[in-house]
Amino acid sequence: MEDSMQESQQGLPPSLRGSNRAEPRVVRSGRRSANDGGGNGTQPERLASSVADSLKNIDEKRLAQALGWFRVALGVAEVMAPRQLGKAIGFDRHPGFMRAVGLREIASGIGIITQPQQPERLWSRVAGDAVDLALLGVAINSGRSHRGRLVAATAAVAGVAALDIYCNRQLSRHGASGSDSGSQQPLRERVTVTASPEECYRLWRNVESFPRFMRYVESVQETGGGQSHWRVKAPGGTTVEWDSKITADETNRMLAWESLPGAAIDNRGCVRFEPAPGGRGTIVSVEMSYAPPAGRTGTIAAKLTGEEPQQRVHDDLRRFKQLIETGEIPTTEGQPAGRRGAVLSLLWKRRVE
Amino acid sequence: MKATCWYGACDVRVETVPDPKILNPRDAIVKISSTAICGSDLHLYNGHIPSMAAGDILGHEFMGQIVEVGSAVKNLKVGDRVVVPFPIACGNCYFCKEELYSLCENSNPNAWMAEKLWGHSPCGIFGYSHLTGGYAGGQAEYARVPFADVGPLKIENALTDEQVLFLSDILPTGWMAAENCNIKAGDTVAVWGCGPVGQFAIKSAFLLGAERVIAIDRFPERLRMARDQGGAEVMNYEQVNVLDALKDMTGGRGPDACIDAVAMEAHSHGVMGAYDKVKQLTRLESDRPAALRQAIMACRNGGIVSIPGVYGGFVDKFPLGSLMNRSLTIKTGQTHVHRYMRPLLERIERGEIDPGFVITHRMRLDDAPQGYAMLRNKEHDCIKVVLKP
Ligand SMILES: NC(=O)c1ccc[n+]([C@@H]2O[C@H](COP(=O)([O-])OP(=O)(O)OC[C@H]3O[C@@H](n4cnc5c(N)ncnc54)[C@H](O)[C@@H]3O)[C@@H](O)[C@H]2O)c1
Ligand SMILES: [Zn+2]
Ligand SMILES: [Zn+2]
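The rules behind these values
- Residues numbered from 1 in each chain as written.
- Chains lettered and ligands numbered in written order.
- Predicted model: local features only at pLDDT ≥ 70, side-chain atom pairs only at ≥ 80, totals over all residues.
- Heavy atoms only, no water.
- Helix = DSSP H or I, 4+ residues; strand = E, 2+ residues; numbered from the N terminus.
- Rg over C-alpha atoms; globule rule 2.2 N^0.38 Å.
- Buried < 20%, exposed > 50% of the residue type's maximum accessible area, 1.4 Å probe, protein only.
- Contact = heavy atoms within 4.5 Å.
- Areas by Shrake-Rupley, 256 points an atom, 1.4 Å probe, with all protein chains shown as cover.
- Lys, Arg positive; Asp, Glu negative; His and termini not counted.
- Charge placed at Lys NZ, Arg CZ, Asp CG, Glu CD.
- Salt bridge = Lys/Arg side-chain N within 4 Å of Asp/Glu carboxyl O.
- Pairing = 2+ DSSP bridges.
- Axes fitted to C-alpha atoms, helices over the stretch in contact; angles between N-to-C directions.
- Domains from an automatic or database assignment.
- Buried area = accessible area lost by both parts, 1.4 Å probe.
- pLDDT = per-residue confidence, 0-100.
- Donors = N, O, S within 2.8 Å, 3.2 Å for Na, K, Ca; no water.
- Tetrahedral: all angles 85-135°; square planar, octahedral: opposite > 155°, others 65-115°.

(A) Expanded view of the overall build of chain B. On a plain count of helices and strands, chain B comes out with 13 helices and 18 strands. Against the compact-globule benchmark of 21 Å for 389 residues, chain B has a radius of gyration of 20 Å, which places it among compact chains. Projected onto its principal axes, the C-alpha coordinates of chain B cover approximately 60 × 50 × 45 Å. By residue count, 61% of the 389 residues in chain B fall in the buried class. The long-range fraction of contacts in chain B, counting pairs at least 24 apart against all pairs at least 6 apart in sequence, stands at 72%. Taken as a whole, chain B presents about 14000 Å² of accessible surface, with 51% of it coming from carbon and sulfur. Charge-centre separation for chain B: the mean point of 40 positive side chains lies 2 Å from the mean point of 44 negative side chains.

(B) The pattern of salt bridges, seen in detail. Applying the stated rule across the entire model yields 32 salt bridges over all chains. Between Glu325 of chain A and Lys321 of chain A there is a salt bridge, with its nearest N and O atoms 2.8 Å apart. One end of the pair, Glu325 of chain A, and the other, Lys321 of chain A, are both in helix H11 (residues 309–326), four residues apart, so they sit about a helical turn from each other. Of the two residues, Glu325 of chain A and Lys321 of chain A, neither departs from the other in class, the shared state being buried. The closest approach of N and O atoms between Asp366 of chain B and Arg364 of chain B, which form a salt bridge, is 3.4 Å. The network of salt bridges with shared partners includes Lys2, Arg364, Asp366 and Asp367 of chain B.

(C) Focus on the sheet that holds strand S4 (residues 56–57) of chain B. Residues and elements named next belong to chain B. Pairing in this open sheet of three strands is antiparallel, and the strands run S2-S1-S4 from one edge to the other. In the strand order of this sheet, the two ends are held by strand S2 (11–16) and S4, each with one partner. Where helix H13 (residues 368–377) meets the sheet, its contacts fall on strand S1 (2–8) and S2, and the angle it forms with S2 comes to roughly 160°.

(D) Quick peek at the domain arrangement of chain B. Residues and elements named next belong to chain B. Taken as a whole, chain B is organised into domain 1 (2–169 + 335–388) and domain 2 (171–332). For domain 1 and domain 2, the distance between their C-alpha centres works out to 25 Å. Both sides together, the interface formed by domain 1 and domain 2 hides about 2800 Å², and carbon and sulfur atoms give 68% of it. Summed over the three residues of domain 1 that lose the most area to domain 2, namely His48, Phe357 and Ile383, the buried surface amounts to 26% of that side.

(E) Highlighting the environment of Met288 of chain A. Residues and elements named next belong to chain A. Here Met288 shows up in strand S8 (residues 282–291). Judged by its relative accessible area of 14%, Met288 falls in the buried class. Distance from Met288 to Trp230, taken between C-alpha atoms, is 16 Å for residues 58 residues apart in sequence. Residues within four places of Met288 in sequence aside, it is in contact with Pro186, Leu187, Trp257, Arg268, Gly269 and Val313.

(F) Region of interest: the confidence of the model for chain A. All names here are of chain A. The predicted model of chain A has a mean per-residue pLDDT of 67, with 40% of residues at 70 or higher. Model confidence for chain A, summarised as mean pLDDT per element, is weakest for helix H1 (residues 2–9) at 37 and strongest for helix H8 (residues 197–205) at 96. Between residues 138–145, whose pLDDT stays under 50, and residues either more than four places distant or in other chains, the model counts 19 contacts. Scored below 50 in pLDDT, residues 170–183 shows 30 contacts in the model against residues more than four places distant or in partner chains.

(G) Highlighting the coordination of the zinc ion (ligand 2). All names here are of chain B. For the zinc ion (ligand 2), the full set of protein donor atoms is Cys38 (SG), His60 (NE2), Glu61 (OE) and Asp169 (OD), at a range of 1.8 to 2.3 Å. Around the zinc ion (ligand 2), the four donor atoms are arranged such that angles at the metal cover 87 to 137°; this shape is classified as irregular. Of note, the zinc ion (ligand 2) draws all its donor residues from one chain, in the sequence arrangement C-x21-H-E-x107-D. With Glu61 in strand S5 (residues 61–69) and Asp169 in the loop between helix H4 (161–164) and helix H5 (170–179), this pair connects stretches of sequence that are 108 residues apart. Side by side, Glu61 and Asp169 carry an identical accessibility label, which is buried.

Structure, rendered in structure tokens:
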């Protein structure tokens, strides 16, 4: 801890080694906004958190193997009994197609089993899942098939897709060798902003403005001495809170921060502002690491937001860019629509609230 | 208000939905006076674009009157008559400054989704799936227009809706398709697809100096329009071998530039046609690229293949060898409409183009479902439908 603090003061936040950390202080806020549907949160939120929950204790490499075998089994079923399987999922008009999908399934399953360390393999699977999802989505829409079963099948494929994505993320993050789950590579994201480093630095230095572009941050209050208090949305209408302090501050160039001991989510990071080549604005790069309690890589961070931390930082950075460049953040929330179908919006929408 | 909503393949309905509101300071609300159904909408209608959700409001070709502006919109006021470009662009980002408006980095709230499918995200688009933002579209009585200080073109003269409506999309799209052909004096341009985009590509190719334009389709009424209105030589691909015929017409060399104004749902016969149909049906390929394959094979050595037609995902049997070994250039993109609106408006004012000629059907907004079905099935010689809310 001592070491890493020092390192981060040099502006190089290290990856955090897993250590004994307190359980997160989860605050039931009880307050929900009017349009989030009430109950136990929105469907994508529930899906995400239940996936995260069920994955807590699974070792990623075994997960990859299991996924591989699942695919082979599914593929064999599709090849041997395309009609029956088609009937079961409500898509029985094209047995030939079922067989073709089955062959692809077997091939990719074998690929995963034999080369579990190759993230590209799994990514090809994720792409395959996306295609299947699109297929099922269209079959639902076409009205020719039996909707109920198709919906169930879509949910199953969506589940597999979620597993694929999760598993792949984990394998990619840990690298080919697969490191112990107590340590975590810092995540890195960057964006090019058409603005000067000064403007970018100024917005980032003003921590109270974070909720404007950080989707899940509810509030940040400066508490003096470079310290601030954070309130961050979590699934199920909860929030988590912690205190943080700025550990390095180079005007117009770099900022680094670190949560104070006892934080719900130990986190540290830094952001740099570098002029882009050719006068094309500023490259803003963020490097961050989270340390979930008890060394359970990824799950807490995923639970925190219902989505991948990497993606969240990526999206927040984009919103930072949008705010600086256009003065607003594009949105469709609050626009009209006809009556929505629950399942389809579950597939495409991905929101905590 | 009433709005045309998507509910699934071949299922659109005009429903009563809440009126749109200003959501951001640079928004405006437009009361729509005219809106059109586009060939692009047919891709949604036929269920070939992923990430549509039941209830999505369709429509990206519309114009009307400003009825409300956000606090940051200074160049428009209530009562202004505007045509709205279909890409949503901020005007501030690197790509907007380069006039590549359909690549705006700031207008797609679902950029993450597009990044997953396409690597990077293009701009947001009205009524065109969640991949490009999930924005409510303009086949409705009102629409919310983001970045209204950048997009909408004010119409301050007496031109009719039908003369200026297509500045929103298909006229600039046909124009950009031809501009991308880099036309030089003496050039022959071949255009696959004589829908509205093809018709405007033909017109634009001549305006940009093409010597000859050859138009390819199978519907007599569309070919007739290409010949009579556009001045093109026409070819029915069901009656001739297109590649042979194009060679015959160009001294064996092939057209200098080829425009694919057909896109992902190309119709074709024979083994390849069946192959694409099955693969697309089963989602093993997302697009049916028959016309594009042909355009590439037909193009002269060193020529340009310009693709205004919309593709969504992946294609098979793409003749990359032909492209590479014969030094072809491909130019494509969602149209950078903002770049072309004013110059094309001036051409309309000067009487060089009167885009209204493509309109075959005028209907009430309530009849949108019939309009879609008719356009899809090419019934009643339907080429372009304009809806009046
Ligand atoms: N790039 C853009 O920004 C942009 C903008 C608007 C429209 N578009 C796209 O342009 C395309 C055309 O639009 P449209 O409104 O004219 O559509 P449309 O459906 O009216 O026209 C397509 C035409 O292609 C013909 N066709 C089908 N298969 C063919 C083949 N194998 N060979 C020759 N012709 C064939 C059809 O008969 C039809 O006449 C669509 O894909 C649309 O999505 C792109
Ligand atoms: Zn269009
Ligand atoms: Zn922009």
